[in-house]
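Chain by chain, the residues run as shown.
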Amino acid sequence: MNKGIGYGVCAYLLWGLFPIYWKSLKHIPSLQLMSHRILWSFLMLVLILLLSRQWKIFCKTVFTLKIIRLYFLAAILIGLNWLTYVWAVTSGFIVETSLGYFINPLLSVSMGVVFLHERLRPTQWFPIGLATVGVLYLTWVYGSLPWIALALAFSFAFYGLIKKMAPLPSVHGLTLETAILFLPSLVYLLYAEKTGQAAFLHTSTSSDLLLIGAGLTTTIPLLLFASAAKRIPLSLVGILQYIAPTLQFLLGVLLYKEPFSSAQFVGFSIVWIALIIFGVEGIMAYRASSTNKNKNRG
């Protein structure tokens, strides 16, 4: 359990700092950025499998209809999530992306209860309800349907649900997902090169290095997330995710000076208070459980 929590915290810390990385590439079209994420992530994952001598095992286990169908859906969801997020960050909507990832944990908790029959303690329902109120208030403050936030929230919540049920090890699963998206991405990048729209090798060395590095920055947190999802309840995975949107929000407001009204502050504060209550309740429950286990052993 502790190792799973550690993986989850590291994943969300990295995701929380992502806007800095993608903002430095805002001069490149979003679809190209996403395609490079897929291209370099796939190549890096293949290299990992080859170096760890798992390539043959990977090939033997992935080519079944059931696995292909499951991971095809996961690939579509993560591709949609990546494209929406990269476009939003580079277009100046970091605060709204943070709203999406504040909504997402609520969906993850709900899916854990509905689809996986995970049980919540009675004292957990209050902070979840409070967080829901905060998110609904924020949605009302925006004055229109926050499609960026909703697209990010629903795509990643369903992706997390699939990863929880997925049978393959973390590296194998992510390799298959990027493999499914690899060919369309490669075709698009070749088309962009042929039509003179490609950014890679046509802008600056720093941009080229950052595009190649997109594979590393994409793969590491996803592998950490996949490892966490297999080790801890989906409801806990959802709560840990509040780390990422909090960091994204702070970057959007403090570093990139995106507009943030007092009404929005009220809504975010409600969500943060809910998170604190949920966290304190979780710590107390964990300590009580540990105490009971030690007594039983004695």
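For the structure itself, consult the block above.
Scoring rules and cut-offs
- Residues numbered from 1 in each chain as written.
- Predicted model: local features only at pLDDT ≥ 70, side-chain atom pairs only at ≥ 80, totals over all residues.
- Heavy atoms only, no water.
- Helix = DSSP H or I, 4+ residues; strand = E, 2+ residues; numbered from the N terminus.
- Rg over C-alpha atoms; globule rule 2.2 N^0.38 Å.
- Buried < 20%, exposed > 50% of the residue type's maximum accessible area, 1.4 Å probe, protein only.
- Axes fitted to C-alpha atoms, helices over the stretch in contact; angles between N-to-C directions.
- Parallel < 35°, antiparallel > 145°, perpendicular 65-115°, else oblique.
- Contact = heavy atoms within 4.5 Å.
- Nonpolar A, V, L, I, M, F, W, Y, C, P; charged D, E, K, R; others polar.
- Salt bridge = Lys/Arg side-chain N within 4 Å of Asp/Glu carboxyl O.

Q: Which residues make up the overall build of the protein, and what values do they have?
A: Looking only at helices and strands, one finds 13 helices and zero strands in the protein. Along its sequence from the N terminus, the protein presents helices and strands in the succession α-α-α-α-α-α-α-α-α-α-α-α-α. What you see for the protein is a C-alpha radius of gyration of 20 Å, in line with the 19 Å of a compact globule of 298 residues. Considering only C-alpha atoms, the protein reaches an extent of 65 × 50 × 30 Å along its principal axes. When burial is assessed residue by residue, the protein has 49% of its 298 residues classed as buried.

Q: Talk me through the packing of helix α5 (residues 65-90) against helix α9 (residues 170-194); I want residue IDs and the actual numbers.
A: Taken N-terminus to C-terminus, the directions of α5 and α9 make an angle of 70 degrees; their axes are 8 Å apart at the nearest point. With respect to their mutual orientation, α5 and α9 come out roughly perpendicular. Across the interface between the two elements, I67, I68, Y71, F72, A74, A75, I78, G79 and W82 of α5 pack against G173, L176, E177, T178, I180 and L181 of α9. Classifying every residue of the contact of α5 with α9 gives eleven nonpolar, three polar and one charged.

Q: Now, about the side chain of Q124: what can you tell me, with residues and values included?
A: Residue position: Q124 is located in helix α7 (residues 122-142). Leaving out residues up to four positions away in the same chain, Q124 has contacts with R119, F278 and E281.

Q: Kindly report on the pattern of salt bridges, identifying the contributing residues and their values.
A: Working definition: two side chains of opposite charge can pair if their charged atoms are close together. Applying the stated criterion across every chain yields a total of one salt bridge. The salt bridge partner of K163 is E177, with a shortest N-O separation of 2.9 Å. Note that K163 is positioned in helix α8 (residues 147-165) and E177 in helix α9, a separation of 14 residues in sequence. Residue K163 shares its accessibility class with E177, and that shared class is buried.

Q: Now, about unusual backbone geometry: what can you tell me, with residues and values included?
A: Of note in the backbone geometry, R53 takes a positive phi value of approximately 60 degrees without being a glycine. By the element assignment, R53 lies in the loop between α3 (30-51) and α4 (55-62). With a relative accessible area of 76%, R53 lands in the exposed category. Unusually for a residue other than glycine, L201 sits at a positive phi of about 70 degrees. With respect to the element layout, L201 can be found in the loop between α9 and α10 (205-231).

These figures come from the coordinates and say nothing about function on their own.
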